[in-house]
Amino acid sequence: MKIKPKKFDVGEMLAQERIEIPRDMLRSDLTHKMAILGSDLVCQVVENLEAYEKTATVQDNSEATLAPVVNKSIAFIDFHKQSNYEIYNLWRSVHDIVKLRCKWGPTNTVTRFKVVHPPWHIEHLQLDSTKLPGETVFLKVNKKQNFLCIKCRDGWIAVDEIMYGKRKVMSSRDFANGFLRIDKTKPLPPSENNNSIAMFVKDEET
């Protein structure tokens, strides 16, 4: 892109390339991929600058988007207002910058999530759609799959590597063992294995 005096990001484009972003790609991985692509384009342009200058195109302002400054407030989850896919996509974009956070309702303790699983990993479990946003259940699908699931405005999201207050990171199973009632004498099928009505709520800290 050409640079104009005393202006930022408004010059003509010398080269561009479109890439597909998989629905489960993390921002950190996308950044790495685009860095390689960008460096390759720079080398191509430098090697044949005159030709690229002749085909330079003006940027289309109608396609411009505003990127807000990222601070910790972006990580505050509101299960009443956000869908499972909105929360998952938010995590993909900021997972290595800030941790998504809310409060564990029964103790009003700030809780952060290091991992948010793709929503399609639990869609087949047919979780109860009538639950309130924030309601939390633990599902043991098999020996290798355990999910701490939270009801969202639309759908459910599964989280792991949970940071409760100032405690060390714990697994979804450890969190369930410590904070959800698990009645091992009454096993239920996965679609009905709801063992607590405890809830996560929005963190109102500013």
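Please read all numbers here as calculations on a predicted model, not as lab measurements. (Residues numbered from 1 in each chain as written. Predicted model: local features only at pLDDT ≥ 70, side-chain atom pairs only at ≥ 80, totals over all residues. Heavy atoms only, no water.)

### So, the layout of surface pockets
Here is step 1 of the chain: Empty space within the largest pocket amounts to approximately 600 Å³.
Here is step 2 of the chain: Residue lining of the largest pocket: 14 residues in total, with Met-13, Gln-59, Asp-60, Glu-63 and Ala-64 positioned closest to the centre.
Here is step 3 of the chain: Grouping the amino acids of the lining of the largest pocket by side-chain chemistry returns 4 nonpolar, 4 polar and 6 charged. (1 Å grid on protein atoms, 1.4 Å probe; cavity = no way out; pocket = protein on both sides within 12 Å on 5 of 7 lines; lining within 4 Å. Points joined across faces, edges and corners; volume = space filled by probe spheres on them. Nonpolar A, V, L, I, M, F, W, Y, C, P; charged D, E, K, R; others polar.)

### Let's talk about the nonpolar core
Here is step 1 of the chain: Judged by nonpolar contacts, the single largest core of 29 residues is most densely connected at Phe-79, Leu-100 and Phe-200.
Here is step 2 of the chain: Of all the elements in the fold, those that place two or more residues in this core are helix 3 (84-94), strand 1 (100-104), strand 2 (109-116), strand 4 (146-151), strand 5 (156-164) and helix 4 (172-179).
Here is step 3 of the chain: No other element matches helix 3, which puts 5 residues into this core.
Here is step 4 of the chain: Residues within four places of Phe-200 in sequence aside, it is in contact with Phe-79, Cys-102, Lys-103, Trp-104, Gly-105, Thr-111, Phe-113, Gly-134, Thr-136, Leu-148, Ile-150 and Phe-175. (Core = buried A, V, L, I, M, F, W, Y, C linked by side-chain atoms within 4.5 Å. Buried < 20%, exposed > 50% of the residue type's maximum accessible area, 1.4 Å probe, protein only. Helix = DSSP H or I, 4+ residues; strand = E, 2+ residues; numbered from the N terminus. Contact = heavy atoms within 4.5 Å.)

### Regarding the confidence of the model for the chain
Here is step 1 of the chain: Taken as a whole, the chain shows an average pLDDT of 86; of its residues, 88% reach a score of 70 or greater.
Here is step 2 of the chain: Here strand 6 (residues 200-201) stands out as the element of the chain with the lowest mean pLDDT, 89, in contrast to helix 3, whose mean of 97 is the highest.
Here is step 3 of the chain: Counting interchain partners and residues more than four positions distant, the pLDDT-below-50 stretch residues 182-196 has 24 contacts. (pLDDT = per-residue confidence, 0-100.)

### A few points about the environment of Gly-11
Here is step 1 of the chain: Assignment of secondary structure puts Gly-11 in the segment before helix 1 (27-47).
Here is step 2 of the chain: Along the chain, Gly-11 and Val-58 lie 47 residues apart, while their C-alpha atoms are 7.1 Å from each other.

### Brief notes about the packing of aromatic side chains
Here is step 1 of the chain: A complete count under the given rule lists 11 aromatic pairs for this structure.
Here is step 2 of the chain: Note on Phe-113 and Phe-200: the rings are 5.3 Å apart at their centroids and 85° apart in plane angle, and the pair reads as edge-to-face. Here Phe-200 lies in strand 6 and Phe-113 lies in strand 2, a separation of 87 residues in the sequence.
Here is step 3 of the chain: A ring pair is formed by Tyr-164 and Phe-179, whose centres lie 4.3 Å apart and whose planes are at 40°; its orientation type is tilted. Placement of the pair is Tyr-164 in strand 5 and Phe-179 in helix 4, with a sequence separation of 15 residues.
Here is step 4 of the chain: Under the relative-accessibility criterion, Tyr-164 is labelled buried at 8%.
Here is step 5 of the chain: Joined through ring pairs, the aromatic side chains of Trp-104, Phe-113, Tyr-164, Phe-175, Phe-179 and Phe-200 make up one cluster.
Here is step 6 of the chain: Stacked on the ring of Trp-120, the Lys or Arg Arg-23 has its end atom at 3.6 Å from the ring centre. (Phe/Tyr/Trp six-rings, centres within 6.5 Å; stacked < 30°, edge-to-face > 60°. Lys NZ or Arg CZ within 6 Å of the ring centre and 35° of its normal.)

### Section: helix 3
Here is step 1 of the chain: Along helix 3, the residues that are buried comprise Asn-84, Ile-87, Tyr-88, Leu-90, Trp-91, Arg-92 and Val-94.
Here is step 2 of the chain: Buried positions along helix 3 lie against helix 1, strand 1, strand 2 and strand 5.

### Digging into unusual backbone geometry
Here is step 1 of the chain: A positive phi angle, close to 55°, is found at Gln-126, a residue other than glycine.
Here is step 2 of the chain: Positionally, Gln-126 belongs in the loop between strand 2 and strand 3 (136-140).
Here is step 3 of the chain: Despite not being glycine, Glu-161 shows a phi value in the positive range, around 50°.

### Observations concerning the pattern of salt bridges
Here is step 1 of the chain: Counted by the stated rule, this structure contains 6 salt bridges.
Here is step 2 of the chain: Its salt-bridge partner being Asp-203, residue Arg-101 comes within 2.6 Å of it at the nearest N-O pair. One end of the pair, Arg-101, is in strand 1; the other, Asp-203, is in the segment after strand 6, and 102 residues separate them in sequence.
Here is step 3 of the chain: In this structure Asp-203 comes out as buried when scored by relative accessible area, which is 1%. (Salt bridge = Lys/Arg side-chain N within 4 Å of Asp/Glu carboxyl O.)

### Description of the sheet that holds strand 2
Here is step 1 of the chain: The strand order across the open sheet built from 6 strands is 3-4-5-2-1-6, with neighbouring strands paired in antiparallel fashion. Of all strands in the sheet, those with a lone pairing partner are strand 3 and strand 6, marking the two edges.
Here is step 2 of the chain: Summarising the sheet, strand 3 and strand 4 pair through 5 bridges and their orientation is antiparallel. What sits directly across from Thr-136, in strand 4, is Ile-150.
Here is step 3 of the chain: Relative to strand 5, helix 4 is tilted by about 80°, and along the sheet it contacts strand 1, strand 3, strand 4, strand 5 and strand 6. (Pairing = 2+ DSSP bridges. Axes fitted to C-alpha atoms, helices over the stretch in contact; angles between N-to-C directions.)

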